[in-house]
Amino acid sequence: MKREFDIAEEWICYELHPETPPHGKRLDTLFPESEMERMLENLRAAGQPYGISFSRLAVIANSRLAIEASEFARDKGRFEEAHYRFFKAYFQEGLNIGEESVILRLSEEIGLDRNELKDALDKGLYKLRLQQSAELARRYRVTVVPTFIINGAHRIVGSQPYRVFQKALGQLQPD
C-alpha cells in the first residue's frame, strides 16, 4: 500500500475481549470440532496468497500483556517488530501470548530488555494507554479486529481484499 499511496499508519492496540481470563480460554470448550476446522480452513485460505500460514490455535489468549508489551516496545522504537513477533507467535506458532513468560521471551528475542519490561508490566505502566485505546475504539465504534480508520472517517472492518483498500484510498487521493 505504501508504494502505491502516500500513507502513514498508526497501530492502536485494542483488547477485543478483556473478559478473557489471564490464562486464556480453551477453544475446544467454546466451539465444536467441525466449526474449528472450518475457521482454520478459512484463515489458511485467506493467508495463503500472502504466504501466511496459521497453526491450530488451542486457546483464545488474553492479549493484555502482549498489548502492554507492545506499548513498551513502541516507547523503545520497536513496536513493529514486537507487533509482528506477537502475531506470529500466536497465529503461526500457537503460543499463548497471555503468558508473561512467553511475552518476556519474545520481547527479548527482538532486543528488548526483559527485566525492564517485566518491571513495567508489574507496575502497570501501560494500563492508562490501554484505557485510552479502549475509549478511542468506542468513539470509532470498533467491535471487530482488524478495523481500519482512514482519515478519521472512513472505516474498513475485518480482513478485506486489497482492492477494498485501493478503492478507499483512491477516493482520497487528489485528482
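Heads up: the structure comes first, above all this text.
Please read these numbers as outputs of a predicted model, since none were measured by experiment.

(A) Region of the structure containing the overall build of the protein. A count of helical and extended segments in the protein gives 7 helices and 4 strands. From first element to last, N terminus to C terminus, the protein shows the α and β order β-α-β-α-α-α-α-α-β-β-α. Taken over C-alpha atoms, the radius of gyration comes to 17 Å for the protein, in line with the 16 Å a tight globule of 175 residues would show. Per-residue burial over the protein gives 33% buried out of 175 residues. Counting only carbon and sulfur atoms, one obtains 52% of the accessible surface of the protein, whose full area is about 11,300 Å². Averaging the locations of the 25 positively and 27 negatively charged side chains of the protein gives two centres separated by 3 Å.

(B) Main features of the side chain of Asn 96. Mapped onto the fold, Asn 96 is located in the loop between α3 (79-92) and α4 (100-109). One polar contact links the side chain of Asn 96 to the main-chain amide nitrogen of Gly 98, over a distance of 2.8 Å. Sequence-distant contacts of Asn 96, defined by excluding residues within four places in its chain, comprise His 23, Val 59, Ala 61 and Val 102.

(C) Spatial organisation of the side chain of Asn 62. Here Asn 62 shows up in the loop between β2 (59-60) and α2 (64-75). In terms of polar contacts, Asn 62 uses its side chain to reach the backbone carbonyl oxygen of Thr 20, at 2.5 Å. Here the side chain of Asn 62 touches Arg 64 through a polar contact of 2.9 Å, landing on its backbone nitrogen. Beyond its immediate chain neighbours, meaning those up to four positions away, Asn 62 contacts Glu 15, Pro 18, Thr 20, Pro 21, Pro 22, Gly 24, Ile 97 and Gly 98.

(D) Expanded view of the pattern of salt bridges. Summed over the entire model, instances satisfying the criterion amount to 18 salt bridges. Between Arg 129 and Asp 75 there is a salt bridge, with the nearest N and O atoms lying 2.8 Å from each other. With a gap of 54 residues between them, Arg 129 in helix α6 (residues 127-139) and Asp 75 in helix α2 connect regions that are remote in the sequence. By relative accessible area, which is 27% here, Arg 129 ends up partly exposed. When salt bridges that share partners are traced, they join Glu 71, Arg 74, Asp 75 and Arg 129 into one network.

(E) Up close: α2. Compared with an ideal rise of 1.5 Å per residue, which puts 12 residues at 16 Å, α2 spans 17 Å between its outermost C-alpha atoms and is within 8% of the ideal. Looking only at α2, the buried set comprises Leu 65, Ala 66, Ile 67, Glu 68, Ala 69, Ser 70, Glu 71, Phe 72 and Ala 73.

(F) Seen up close, the packing of aromatic side chains. Inspection of the entire model under this criterion finds 5 aromatic pairs. Ring centres of Tyr 90 and Phe 91 lie 4.8 Å apart, and the angle between their planes is 75°; this geometry places the pair in the edge-to-face category. When its relative accessible area of 25% is taken as the criterion, Phe 91 is described as partly exposed. A network of ring pairs unites the aromatic residues Phe 54, Phe 87, Tyr 90 and Phe 91 as a single cluster. The ring of Phe 79 has Arg 74 lying over it, and the distance from NZ or CZ to the ring centre is 4.1 Å.

(G) Layout of the nonpolar core. Among the nonpolar cores identified, the biggest contains 24 residues, and Phe 72, Phe 86, Ile 97, Ile 103 and Leu 117 are the most heavily contacted of them. Elements represented by at least two residues in this core include exactly α2, α3, α4 and α5 (114-123). Looking at this core, the element that brings in the most residues is α2, giving 5 residues. Among the nonpolar cores identified, the runner-up in size contains 6 residues, and Ile 150, Ile 156, Ala 168 and Leu 169 belong to it.

Procedures and definitions
Residues numbered from 1 in each chain as written. Predicted model: local features only at pLDDT ≥ 70, side-chain atom pairs only at ≥ 80, totals over all residues. Heavy atoms only, no water. Helix = DSSP H or I, 4+ residues; strand = E, 2+ residues; numbered from the N terminus. Rg over C-alpha atoms; globule rule 2.2 N^0.38 Å. Buried < 20%, exposed > 50% of the residue type's maximum accessible area, 1.4 Å probe, protein only. Areas by Shrake-Rupley, 256 points an atom, 1.4 Å probe, with all protein chains shown as cover. Lys, Arg positive; Asp, Glu negative; His and termini not counted. Charge placed at Lys NZ, Arg CZ, Asp CG, Glu CD. Polar contact = N/O pair within 3.5 Å; in protein donor to acceptor, adjacent residues only side chain to side chain. Contact = heavy atoms within 4.5 Å. Salt bridge = Lys/Arg side-chain N within 4 Å of Asp/Glu carboxyl O. Expected span 1.5 Å × (residues − 1). Phe/Tyr/Trp six-rings, centres within 6.5 Å; stacked < 30°, edge-to-face > 60°. Lys NZ or Arg CZ within 6 Å of the ring centre and 35° of its normal. Core = buried A, V, L, I, M, F, W, Y, C linked by side-chain atoms within 4.5 Å.

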